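Read off the chains here:
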Amino acid sequence: MEKQILVAGFGGQGVLSIGLFLTHAALLEGHNVAYVPSYGAEMRGGTANCIVTIADGEISSPLTDSPAQAIIMNQPSLDRFEARVQPGGVLVINRSLVERMPQRRDLTTLELPLNRLAEEGGFGRGANMIMLGAYIAHTGIVNVDTVLGSFDKIFKGKRASVIEQNREAFSFGIEYARAHW
Amino acid sequence: MKGNEALAEGAVIAGCRYFFGYPITPQSEVAEYLARRLPQVGGVFLQAESELAAINMVYGGAATGARVMTGSSGPGLSLKQEGISFIAEAELPCVIANISRGGPGLGGIQPAQSDYMQACKGGGHGDYHLVVLAPSSVQEMMDFAIEAFDLADRYRTPVLIMSEGMLGQMMEPVEVRDFVTPAYEKPWAVTGCAGRKPNIVNTLHLPPDELEARNHVLAAKYARLQAEQKRAELFMTEEAELIVVAYGLLSRVAKKAVADLRAQGLRVGLVRPITLWPFPDTFLEACMPAARAFMSIEISMGQMVEDVRLAVNGRAPVDFFGRIGVVPSPREVRDAIEDVAKRRGLA
Amino acid sequence: MKKVLAMPQSLTGARWHYCPGCGHGIIHRLVAESMDELGIRERTIGICPVGCAVLAYDYFNCDMLEAAHGRAPAVATGIKRILGDRVVFTYQGDGDLASIGMGEIVHAASRGEKITVFFVNNTVYGMTGGQMAPTTLLGQVTTTSPFGRDKDREGYPMKVAELLSTLEGAAYVTRVAINTPANAARAKKAIKRAFEVQMAGTGFSLVEILSTCPTNWGLGPVEAMKWLEEKMIPYYPLGDYKVKEAQ
Ligand SMILES: Cc1ncc(C[n+]2csc(CCOP(=O)(O)OP(=O)(O)O)c2C)c(N)n1
Ligand code: SF4
């Protein structure tokens, strides 16, 4: 198994944190992982993206131009990356910041109104955790229960209340996925 | 662990307790990590007033026999060249990290491998070489840092670790190696001459025959390094007709492209130089019987390709593909390789 | 038509890339207004440092040149020695001028080089992400002085205006700040005077300007101005350190 996941959005949406979280979670499950944040020229213009590679064997290229799955947090990212997802891949979209839906029919498209959900649930800064919860619960890219049990490890050094908030937002996402996807 | 942190922690594991540096992106993280870490292990982190000062602090530190290190990037590495030439001549062991960026001039912090010539062909004045190691993973950032100190002591030479910004930012799991630092006798160190004749660390040789003799001593050491330390990783090179040469993070992109093309039936293989100096030409030589063409892929306008041409020595065509400021994607690399294969009548 | 805030002719009007509340923007404006008032825009050549002001060539509407880190005074010397009737200034941060470029600045001042230096002291390396500068105050935490600057470990903060004022070639050396409108007005007066000293051929002129870096200090813009007043001014007293009369 080797899967590459692209996460893309605005700086400040917690895009890199999503990638880091996935990286840690996959590592705790004993997979090989590589995490590459957007870097250099890519960083300009307020966009951020990262690529996480999860594999059982040795990872050759931690970079890719055709990820198996993409988590898309805003419209510019959809415009830029829709065409690149592998045929048959998965596209997870923050519906709140995307005006048009993807045109490709060969992808599994999952959407959720992230900004609205974050507001309703009272998770101002935890929107990325809702996304992660929904994404992991639905795709099983890593085991959702293992992840839930590993929050203390993943957020090592953070205050207990902060960890708890993140866990709540994550669970909120799981429930959304189970009810809607 | 992040690449830059793995490199810094590797130095600590190797017993390095002294780091002299000056901030520059994308190297500052190495310095910042060691600013926190070295005091915990009784070491010293010192921010010098410039790279010029930093490398001379390393010169002094290395002369005491301690394991010392510095790091920089782009313009900072350029400033260090005078000091590096002195350190190489004085045969002092030390480790220098180049978390490289794009040039010339101020350039930018984008990924680049355009300091290859500076690293491998001198950089400073005089007849000298550095041992140059090129890690391609976060694990190797740590392992090579550890090994660099060993090579430095064993051969009494400065060792340069050639990384680049993106590898520094990348995160991969790292297995921390059990490592016992071999203790090297350093009878040449300046430590105060109580109980022995004074030691002198010197690079000035006014009598012409003395200067030439010194250069022969250095040349003999470089010959020894060439005989003993050429290293490369071979991937799918058996019966490969087209040999791709790439190093660092880019070599992993190339590996993917090569594997894909092999699956399509193209007889292509990859040689990844691990030591950029001494350049692993023997590994290319080993591919010669089957190889009908070579190709160097770099994040530069074409630097290592010259060493590939020297190794091939006219016996096969050598092509080049390069970009600056971005790590080319697997598809781009695949297309470039296919292109060459077609042009050379191999596909 | 009522002009709300007139743009000095000596600024291009390009949008700042500086962080909100950063002192660089204010200082650029003071320098540009002084150039306008002295009518020297078309015969002025400015040198950018390596630091957050590296892009100052996008902002100053006069001939500009970008130098290597710390070398601006040497580059300025080269220009001034060939074009003696032009007005040449450098604009440098504390890392650029007082760390890597200490050799160049001391010798330019000592030679009495007829250039003007605007030295922006914000106690940190802004551009590279908040490392220690020679001007970092004792106890101040930065990414490379994570335990707070300690005199025994990192040495004392450098007082540049005092240091350079001891050199014979220095004609005008002063320290100003931008934390209040009154101080900014004084800063502008000093900037103009520094240009005038150069034009009169009296010698080397330098204005040290205490400024803010809210981003790397981890403070809001208003708090940063307060920090400047409470922490910086006591250690870096404002005022003239050298005033040589024109011969
Ligand atoms: C030779 C060299 N070394 C290091 C750097 C990296 N560098 C860029 S800006 C800077 C420091 C800037 O700090 P300062 O001069 O205080 O200006 P500020 O950004 O605070 O305005 C450094 C070290 C470089 N560009 N060139
Ligand atoms: S980092 Fe500091 S000096 Fe640089 S623009 Fe931001 S506030 Fe200004």
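Right above here is the structure, for reference.
Residues numbered from 1 in each chain as written. Chains lettered and ligands numbered in written order. Predicted model: local features only at pLDDT ≥ 70, side-chain atom pairs only at ≥ 80, totals over all residues. Heavy atoms only, no water.

Undergrad: Which residues make up unusual backbone geometry, and what values do they have?
TA: Glycine aside, negative phi is the norm for most residues, and most peptide bonds take the trans geometry. All names here are of chain B. Note that the residue after Thr25, namely Pro26, is joined by a cis bond; omega there is 5°. Here Pro26 shows up in the loop between strand S1 (18–21) and helix H2 (28–40). Cis peptide bonds are those with omega within 30 degrees of zero, and the linkage from Gly103 to Pro104 qualifies with -5°. Note that Pro104 resides in the loop between strand S4 (94–100) and helix H5 (116–120). (Helix = DSSP H or I, 4+ residues; strand = E, 2+ residues; numbered from the N terminus.)

Undergrad: Describe the site of ligand 1, naming the residues involved and giving the relevant values.
TA: Residues in close proximity to ligand 1 total 24 residues, the closest being Glu51 of chain B together with His24, Cys52, Asp94 and Gly126 of chain C. The environment around ligand 1 is built from residues contributed by chains B and C. The backbone of Val124 of chain C places a nitrogen or oxygen atom 3.1 Å from an oxygen atom of ligand 1. At 2.8 Å, a backbone N or O of Gly126 of chain C approaches an oxygen atom of ligand 1. Protein coverage of the free-state accessible area of ligand 1, which is 600 Å², stands at 97%. (Near = heavy atom within 4 Å. Polar contact = N/O pair within 3.5 Å; in protein donor to acceptor, adjacent residues only side chain to side chain. Areas by Shrake-Rupley, 256 points an atom, 1.4 Å probe, with all protein chains shown as cover.)

Undergrad: Summarise the interface of chain B and chain A; cite the residues concerned and give the values.
TA: In this assembly, 21 residues from chain B lie in contact with 20 residues from chain A. The junction of chain B with chain A conceals about 1800 Å² of combined surface from both sides, 66% of it contributed by carbon and sulfur atoms. The interface formed by chain B and chain A contains one salt bridge. Between Glu58 of chain A and Lys255 of chain B there is a salt bridge; the shortest N-O distance is 3.1 Å. Where chain B touches chain A, the interface holds six residue pairs in polar contact (both at pLDDT 80 or more). Those elements that provide at least two residues to the side of chain B that touches chain A are helix H7 (165–169), helix H9 (249–263) and helix H12 (330–343) of chain B. Looking at the side of chain B that touches chain A element by element, the count peaks at five residues for H9 of chain B. (Contact = heavy atoms within 4.5 Å. Buried area = accessible area lost by both parts, 1.4 Å probe. Salt bridge = Lys/Arg side-chain N within 4 Å of Asp/Glu carboxyl O.)

Undergrad: With reference to specific residues and values, describe the pattern of salt bridges.
TA: Residues and elements named next belong to chain B. The full count for this structure, using the stated rule, is 46 salt bridges over all chains. Across the pair Arg272 and Glu140 runs a salt bridge, and its minimum N-O distance is 2.8 Å. Placement of the pair is Arg272 in strand S9 (residues 268–273) and Glu140 in helix H6 (residues 138–155), with a sequence separation of 132 residues. This pair shows no difference in class: Arg272 is buried, exactly as Glu140 is. Notably, a salt bridge pairs Asp153 with Lys186, separated by 2.9 Å at the nearest N-O pair. (Buried < 20%, exposed > 50% of the residue type's maximum accessible area, 1.4 Å probe, protein only.)

Undergrad: I'd like to hear about the packing of aromatic side chains, residue by residue, with values.
TA: Counted by the stated rule, this structure contains 22 aromatic pairs over all chains. Look at Tyr22 of chain B and Tyr125 of chain C: their rings are 5.7 Å apart centre to centre, the planes differ by 65°, and that puts the pair in the edge-to-face class. Placement of the pair is Tyr22 of chain B in the loop between S1 and H2 and Tyr125 of chain C in strand S5 (residues 124–125), with the two residues belonging to separate chains. A relative accessible area of 1% places Tyr22 of chain B in the buried class. Owing to a relative accessible area of 7%, Tyr125 of chain C belongs among the buried residues under this scheme. Linked through ring pairs, Phe60, Phe89, Tyr91, Phe118 and Phe195 of chain C together constitute an aromatic cluster. In this structure, Lys255 of chain B packs its charged tip against the face of Phe235 of chain B, placed 5.3 Å from the ring centre. The aromatic ring of Tyr235 of chain C is capped on one face by Lys159 of chain C, whose charged end is 4.3 Å from the ring centroid. (Phe/Tyr/Trp six-rings, centres within 6.5 Å; stacked < 30°, edge-to-face > 60°. Lys NZ or Arg CZ within 6 Å of the ring centre and 35° of its normal.)

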